[in-house]
Amino acid sequence: MPHGNHAEGRPERGALQSHSALVERLGVVIDSELLTLALTHRSFAYERGGLPHNERLEFLGDSILGQAVTVRLYLDNPDLDEGALAKRRASVVSGVALAEVARTLGLGEFLRLGRGEELTGGRDKVSILADTVEAVIGATYLSAGPDEATALVLRLITPLMSDPGRFGAALDPKTALQELADSRKAPAPVYEVTGTGPDHAKVFSATVTVDGLATGTGTGTSKKHAEMAAALDAWTTATGASA
């Protein structure tokens, strides 16, 4: 069922055909034009003269996601106070958590990306994957209605609610590692950071060691990001959370 694909969208024929696999994984029928829009990153749109892209749908989906998760957490956890509920919600709607949802769906293979993002690994970039999940939720709301959109959110997010600690660690891995060290009577984590490359494109590498507990490594475009990546690596190793 073709929908107004112009010359610049000719590769779209294959993409639209493959959408059936994504729709099956999502478990809800979404209008093909809306789904295509939800999968269109701004880099793709800008390279083609300013086509519509998915950021408005992302804005809508973020609100639907937040409401659905908030209601479910409230009803399922009568003993948790406001602070605990807020912390758990933040963990399961975080970019890291949503990117994991996207990878489970194989969402990366359906993205419409500009050449620059394509060349720099955009199909597995946390921010792009997380934003696209929200855009797909927004497209579902417009195409199938609020009940189906809420049902989709719960299908995607409920499995994460059983392990919120892992995604909470991803939000603030240095604090999570410090708390883990404290709980196991281990010394405070020690970080070592080095930088390579020119000032305008420096890459930092960090190693963190918690004596007798774990060692982690990570890289980033700033010292802070490198230390966070190393902390998450060490926390994951120490807790076995990757299993």
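Residues numbered from 1 in each chain as written. Predicted model: local features only at pLDDT ≥ 70, side-chain atom pairs only at ≥ 80, totals over all residues. Heavy atoms only, no water.

**Q** How do you make sense of the packing of helix H11 (residues 173-183) against helix H12 (residues 223-239) when you look at a structure like this?
**A** Helix-helix packing is described using two parameters, namely the angle between the two axes and the distance between the axes. Two elements in contact, H11 and H12, have axes whose closest approach is 8 Å; the angle formed by their N-to-C orientations is 40°. Viewed along their axes, H11 and H12 adopt a mutual orientation that is oblique. As for the relative orientation of H11 and H12, their crossing is left-handed in sense. Every residue of H12 that contacts H11 at Pro173, Lys174, Ala176, Leu177 and Leu180 is listed here: Glu227, Met228, Ala231, Leu232, Ala234, Trp235, Ala238 and Thr239. For the contact of H11 with H12, the residue count by class is 10 nonpolar, one polar and two charged. (Axes fitted to C-alpha atoms, helices over the stretch in contact; angles between N-to-C directions. Helix = DSSP H or I, 4+ residues; strand = E, 2+ residues; numbered from the N terminus. Parallel < 35°, antiparallel > 145°, perpendicular 65-115°, else oblique. Left-handed = near helix turned anticlockwise from the far one by under 90°. Contact = heavy atoms within 4.5 Å. Nonpolar A, V, L, I, M, F, W, Y, C, P; charged D, E, K, R; others polar.)

**Q** What am I meant to see in the confidence of the model for the protein chain here?
**A** The predicted coordinates of low-pLDDT regions are not to be read in fine detail. On average, the protein chain scores 85 in pLDDT, and the residues at 70 or more come to 89%. Long-range and interchain partners of residues 1-17, a stretch whose pLDDT sits below 50, account for 13 contacts in this model, where long-range means more than four residues apart. (pLDDT = per-residue confidence, 0-100.)

**Q** Help me understand the sheet that holds strand E1 (residues 190-196) in this model?
**A** Pairing between the strands of a sheet is mediated by backbone hydrogen bonds and can be parallel or antiparallel. Strand order in the open sheet made by the three strands is E1-E2-E3, with antiparallel pairing throughout. Pairing within the sheet leaves two strands with one partner each, and these edge strands are E1 and strand E3 (214-220). Geometrically, the sheet is characterised by an average inter-axis angle of 15° between neighbouring strands, direction not taken into account. As paired strands, E1 and strand E2 (residues 203-210) are joined by seven bridges and run antiparallel to one another. If you follow tyrosine 191 over to E2, its bridge partner there is valine 208. (Pairing = 2+ DSSP bridges.)

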